[in-house]
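Geometric and topological summary
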Amino acid sequence: MEKKIKSQMSIMMGITLSLCLSFIGTFSSGNFTPVEFLKSFLESLAISLVIGCFVPMKPLEDKACEKAGITGKPFACRALGSLISDLIYTPIITICMVTINFVKIPAAHRPPYVIMLGKSMMISLVVAYLLIFLVGDPFMKLILKKNGVGGPPEGRK
């Protein structure tokens, strides 16, 4: 049951993050078309689902809250957990997506890679943090309810 819940959460967060970050990325690049958005979304989703399969987010978040001494404080724990998720997912996704798009730009028209990456990274880190913080708990409650589990896990109320 725990693996099923973890998988469902990973899929929901992956879809949400990928949709938002792909929209913002293609829109801010000045190259927004439905086709480019869809390609960006699918690439980003694939990356986030791979990360979700290999990185045990809940244990990492719980351990960080414990080390920070905020285990009994739901708001502080959620803020720290969101930061950890953001710092794991966002840089990987952003670096991959910027690199993919950088290579697609004709050499004569490419901006410097560092500028492309820096701009994208700053925007993505802020947007992803807010998104993770705002939708993480509602998604978990929805998934727990869907799977017939009574309430949120300990420390995430």
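The notes below deal with the structure included here.

**A look at the pattern of salt bridges**
Considering all chains together, one arrives at four salt bridges under this definition. Across the salt bridge formed by lysine 104 and glutamate 43, the nearest N and O atoms sit 3.8 Å from each other. Linking lysine 104 in helix α4 (residues 74-104) with glutamate 43 in helix α2 (residues 34-54), this pair joins segments that are 61 residues apart in sequence. With relative accessibility at 41%, the residue lysine 104 sits in the partly exposed group. When the shortest N-O distance is used, the salt bridge between arginine 78 and aspartate 137 registers 3.8 Å. Of this pair, arginine 78 sits in helix α4 while aspartate 137 sits in helix α5 (residues 113-146), and the two are 59 residues apart along the sequence.

**What about the packing of aromatic side chains?**
Two numbers describe a pair of aromatic rings. These are the distance of the centres and the angle of the planes. If you walk through the whole model with that rule in mind, you get nine aromatic pairs. Centre to centre, the rings of phenylalanine 23 and phenylalanine 32 are 5.4 Å apart; their planes meet at 75 degrees, and the pair counts as edge-to-face. For phenylalanine 32, a relative accessible area of 36% corresponds to the partly exposed category. Here phenylalanine 27 and phenylalanine 32 contribute two aromatic rings whose centre-to-centre distance is 6.5 Å and whose plane-to-plane angle is 70 degrees, an arrangement assigned as edge-to-face. Here a set of aromatic residues connected by ring pairs shows up, and it is made of Phe23, Phe27, Phe32, Phe37 and Phe41. We note arginine 110 situated over the ring of phenylalanine 102; from NZ or CZ to the ring centre the distance is 4.9 Å.

**Brief notes about the packing of helix α1 (residues 2-29) against α2**
Viewed as axis vectors pointing N to C, α1 and α2 meet at an angle of 145 degrees, and their least axial separation amounts to 8 Å. Of the two possible hands of crossing, α1 and α2 adopt the one that is right-handed. Along its contact with α1, which presents Lys6, Ser10, Ile11, Gly14, Ile15, Ser18, Leu19, Ser22, Phe23 and Thr26, the element α2 presents Glu36, Phe37, Ser40, Phe41, Ser44, Leu45, Ser48, Leu49, Gly52 and Cys53. Its residues assigned to classes, the contact of α1 with α2 comprises nine nonpolar, nine polar and two charged.

**Observations concerning the state of the cysteines**
In this structure the tally under the stated criterion is one disulfide. What pairs with cysteine 65 in a disulfide is cysteine 77, and their sulfur atoms sit 2.3 Å apart. Residue cysteine 65 is located in helix α3 (residues 57-68), and its partner cysteine 77 is located in helix α4; the two are separated by twelve residues in the primary sequence. Cysteine 96 supplies the cysteine sulfur nearest to cysteine 53, a cysteine that is in no disulfide, at a spacing of 15 Å.

**A few points about the packing of α2 against α4**
In the contact formed by α2 and α4, the axes pass within 10 Å of each other and the chain directions differ by 140 degrees. Considering the angle they form, α2 stands oblique to α4. Handedness of the α2/α4 crossing: right-handed. Residues Glu36, Lys39, Ser40, Glu43, Ser44, Ile47, Ser48, Ile51 and Gly52 of α2 touch α4, and the partners they reach there are Ile88, Tyr89, Ile92, Ile93, Cys96, Met97, Ile100 and Lys104.

**Thoughts on the nonpolar core**
Within the largest apolar cluster, 13 residues are counted, with the highest numbers of intra-cluster contacts made by Ile5, Met9, Met13, Leu17, Val135, Phe139 and Met140. Sorting the residues of this core by element identifies α1 and α5 as the ones contributing at least two each. Of the residues forming this core, the biggest block, eight residues, is contributed by α5. Excluding its chain neighbours within four sequence positions, the residues that come into contact with methionine 13 are Ile132, Val135, Gly136 and Phe139. Ile47, Ala64, Ile84 and Tyr89 belong to the second largest nonpolar core, which has eight residues in total.

**What about α3?**
An α-helical segment advances 3.6 residues per turn. Residues three or four places apart therefore align on the same side. Taking 1.5 Å as the rise per residue, α3 with twelve residues should run 16 Å; its terminal C-alpha atoms sit 16 Å apart, in good agreement. Every buried residue of α3 is accounted for by Met57, Glu61, Ala64 and Cys65. All buried residues of α3 lie within an arc of 100 degrees about the axis, which places them on one face of the element. What points out from α3, more than 90 degrees from its buried face, is the exposed set Pro59, Lys63, Glu66 and Lys67. In this fold, the buried residues of α3 make contact with α4. Two residues or fewer after α3 comes glycine 69, characterised by a positive phi angle close to 75 degrees.

Rules and cut-offs
- Residues numbered from 1 in each chain as written.
- Predicted model: local features only at pLDDT ≥ 70, side-chain atom pairs only at ≥ 80, totals over all residues.
- Heavy atoms only, no water.
- Salt bridge = Lys/Arg side-chain N within 4 Å of Asp/Glu carboxyl O.
- Helix = DSSP H or I, 4+ residues; strand = E, 2+ residues; numbered from the N terminus.
- Buried < 20%, exposed > 50% of the residue type's maximum accessible area, 1.4 Å probe, protein only.
- Phe/Tyr/Trp six-rings, centres within 6.5 Å; stacked < 30°, edge-to-face > 60°.
- Lys NZ or Arg CZ within 6 Å of the ring centre and 35° of its normal.
- Axes fitted to C-alpha atoms, helices over the stretch in contact; angles between N-to-C directions.
- Left-handed = near helix turned anticlockwise from the far one by under 90°.
- Contact = heavy atoms within 4.5 Å.
- Nonpolar A, V, L, I, M, F, W, Y, C, P; charged D, E, K, R; others polar.
- Disulfide = S-S within 2.5 Å.
- Parallel < 35°, antiparallel > 145°, perpendicular 65-115°, else oblique.
- Core = buried A, V, L, I, M, F, W, Y, C linked by side-chain atoms within 4.5 Å.
- Expected span 1.5 Å × (residues − 1).
- Arc of directions from axis to C-beta.

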